[in-house]
Amino acid sequence: MSNRRSPVPTGRWPRPRPLSAQPNLLLLHLLAVALNGLGRCAHACGRPAGRGGLGTGGRLRTVPQDQPCPLLHRQPIAEVQAARPRRSTAIQELRAKREHVTSGARLVRTWLAVTVGALLGVTPSASRDLSGSRPNILLLMADDFGIGDIGCYGNDTIRTPNIDRLARDGVMLTQHLAAASVCTPSRAAFLTGRYPLRSGMVSSNGYRVLQWTGVSGGLPTNETTFAKILKDRGYATGLIGKWHLGLNCESSNDHCHHPLNHGFDHFYGMPFSMMGDCVRWELSEKRAGMERKLNVCFQIMAVAALTLTAGKLTHLTSGSWTPVIWSTMAAIFLFTTSYFLGDLIVHADCFLMRNHTITEQPMHFPRTTSLILKEVSSFIQRNKQTPFLLFVSFLHVHTPLITTEKFRGKSVHGLYGDNTEEMDWMLGKILDTLDTEGLTNSTLVYFTSDHGGSLESRLRNNQYGGSNGIYKGGKGMGGWEGGIRVPGIFRWPGVLPAGRVIHEPTSLMDVFPTVVQLGGGEVPQDRVIDGRDMLPLLLGTAQHSDHEFLLHYCENFLHAVRWHQRDGGRLWKVHYTTPVFHPHGAGACYGRGVCPCFGDQVAHHDPPLLFDLSRDPSEVHALTPDTEPAFYRVMDTISRAVEEHRRTLRPVPVQLDAPGNIWKPWLQPCCGPFPLCWCDRENGQA
């Protein structure tokens, strides 16, 4: 397994000259039209006709195959299946039906390319060059969104017509994986193309994510994001929505971790994250726990103060009144802090910024959705004349599921379904903006989630977190598929084949090298980049993903590893550690925010658990040496890959442990004199 990228092309994509200046380009253009038409024909004969999906409640359907493709003689499907391991799932049937037409298309394309290439003095690969592309890049990321909640991935009860349209017009990935199962490390990996362990965006003490805006931890300044590279290549770069990767280091306005310090020209959104505490919801991330601790401390100090006072008044104790005074003041302070804690959190973490300026503290949630959409539209309109990179990081569908009145009560899945359908509507509005500005065909659009849905977001009989379909586990679980299997959809009209479905392992980290090279940038060679360029896979010029192994961490603990055994068509998954679900027999750690990564609430497996995801994607049937002849060979191969991976790791400061993840008042952003943090510049009030 190699961790370093091979050298990549450098410089801008050369812009094509007019046809009149290139005598041979007309013939090449005719060739491209022929190849593209052939591809569409082959695709139409083997693509899915509908979007039944891959999760629960859906099924895959194919276009009727009773007539041969006009340009290709159709090989009988039985011959295709006989040459491959027989599998009964609908996914494998679809894959088999499509491969016989695409293989024929490749033969004809290769023959045409070689023939005309010989006449024109060019190589076959030149006919597939994307010279002059440098598309606009629009990245859309949902928050805590389960893969089982999307129509094109199998859900038939939550309405997601715009996400489904995106998949219908583009390429859908069925094995797309987050590098972590919680927000902060997953987003760090997405922006840098590196496992979060390499940048220090992990913890070892259970904190998991950044806990406050006013902390010193965050994405280190020496990390290189794809935004930074594309900005240097002339792209206008923007981030709208959630950040959650830190803000300040030494003062409340040094902005060392700010998006503008990581390659973005423009930022509008939440430096922190949406959370239940923003509206003092019953499902609390930190307020409820802190209030309990403060109340216990208050009671201890109050009892101490009363005891000391009684001792002094009855002359049972001697000495000064100083201990009485200090214990009384401490009790009053603890009580006051506990009483106002909810308001303090709302003002400290739930605010909006435009670039370096706080515009709304605290947020006025009924208008947040419209403000986000307005900002997206404004950015696209301002930058439509030049290539742009826009990362829209939705605040949906994280609790507390802030939903406008227009969508409340509209779905059959309660508030979560309402919030999901509103996000889909927002995505549709953003796509409409591209259409209105004439940018659809020149824009690569990508949709995903930062990790799986939160199963523990449940209160009494109401489920406020997402569904992860057939996959086990959810948010916060380092290795189980439900926490890391996420949607992945790419659309680029005229370039990426519409309706294509890819069943190869890919990662959120792959977005980094993919967009960097599309934008004419160079993937850094001075550090390990774990992501792989997906463009050949998306175009169909590569059959397999470049990922042979992918590692799944929980904090800084390695919980699982997958091995894509290409020669045998198997996808192995090894679990070294898994969380202990509570209550017994449940599918999550109910009663906690998320499952832990270490301690007495995790199980260590010796030998490790082994699953064949190609046959058991739900990770139900663990294999043993008695049931799997290749058991020890798989274990040995994965162990050697882990050792090779560990040799590439270097010690770095851990950003999410206590020193960098404790609230510091001098780092707290405030639009007035601290602690009077209140302003509403969106309405012209300060």
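Here, every reference points to the structure presented above.
Residues numbered from 1 in each chain as written. Predicted model: local features only at pLDDT ≥ 70, side-chain atom pairs only at ≥ 80, totals over all residues. Heavy atoms only, no water.

*Asks:* An account of the nonpolar core is requested, with residue identities and associated values reported.
*Replies:* Counting 64 residues, the largest nonpolar core has Leu140, Phe145, Ile163, Leu390, Phe447 and Ile489 as its most contacted members. Counting residues per element, this core draws most heavily on helix H11 (residues 414-436), at eight residues. Ignoring sequence-local partners within four residues, the contact set of Phe447 consists of Leu140, Ala142, Phe145, Ile150, Ile163, Leu166, Met423, Leu427, Pro487, Gly488 and Ile489. Leu173, Leu389, Leu496 and Val523 belong to the second-largest nonpolar core, a separate cluster that totals 49 residues. (Core = buried A, V, L, I, M, F, W, Y, C linked by side-chain atoms within 4.5 Å. Buried < 20%, exposed > 50% of the residue type's maximum accessible area, 1.4 Å probe, protein only. Helix = DSSP H or I, 4+ residues; strand = E, 2+ residues; numbered from the N terminus. Contact = heavy atoms within 4.5 Å.)

*Asks:* Hey, could you go over the packing of aromatic side chains for me, with residue numbers and the actual values?
*Replies:* In the structure shown here, the tally under the stated rule is 19 aromatic pairs. Summarising the aromatic geometry, the rings of Phe190 and Phe226 are spaced 5.5 Å apart at their centres and angled 85 degrees between planes, so their arrangement reads as edge-to-face. Linking Phe190 in helix H5 (residues 183-192) with Phe226 in helix H7 (residues 226-232), this pair joins segments that are 36 residues apart in sequence. The exposure classification of Phe190 matches that of Phe226, with both residues buried. Ring centres of Phe298 and Phe335 lie 5.4 Å apart, and the angle between their planes is 45 degrees; on these two criteria the pair is classed as tilted. Linking Phe298 in helix H8 (residues 287-313) with Phe335 in helix H9 (residues 322-349), this pair joins segments that are 37 residues apart in sequence. Looking at Phe298, the relative accessible area reads 25%, which means it is partly exposed. (Phe/Tyr/Trp six-rings, centres within 6.5 Å; stacked < 30°, edge-to-face > 60°.)

*Asks:* Before we move on, could you go through the pairing of strand S11 (residues 485-491) and cite the residues and values that matter?
*Replies:* Judged by how many residues are buried, S11 sits mostly within the fold: seven of seven residues are covered. Here strand S8 (residues 443-449) runs beside S11; their pairing, made up of four bridges, is antiparallel. What sits directly across from Phe447, in S11, is Ile489. (Pairing = 2+ DSSP bridges.)

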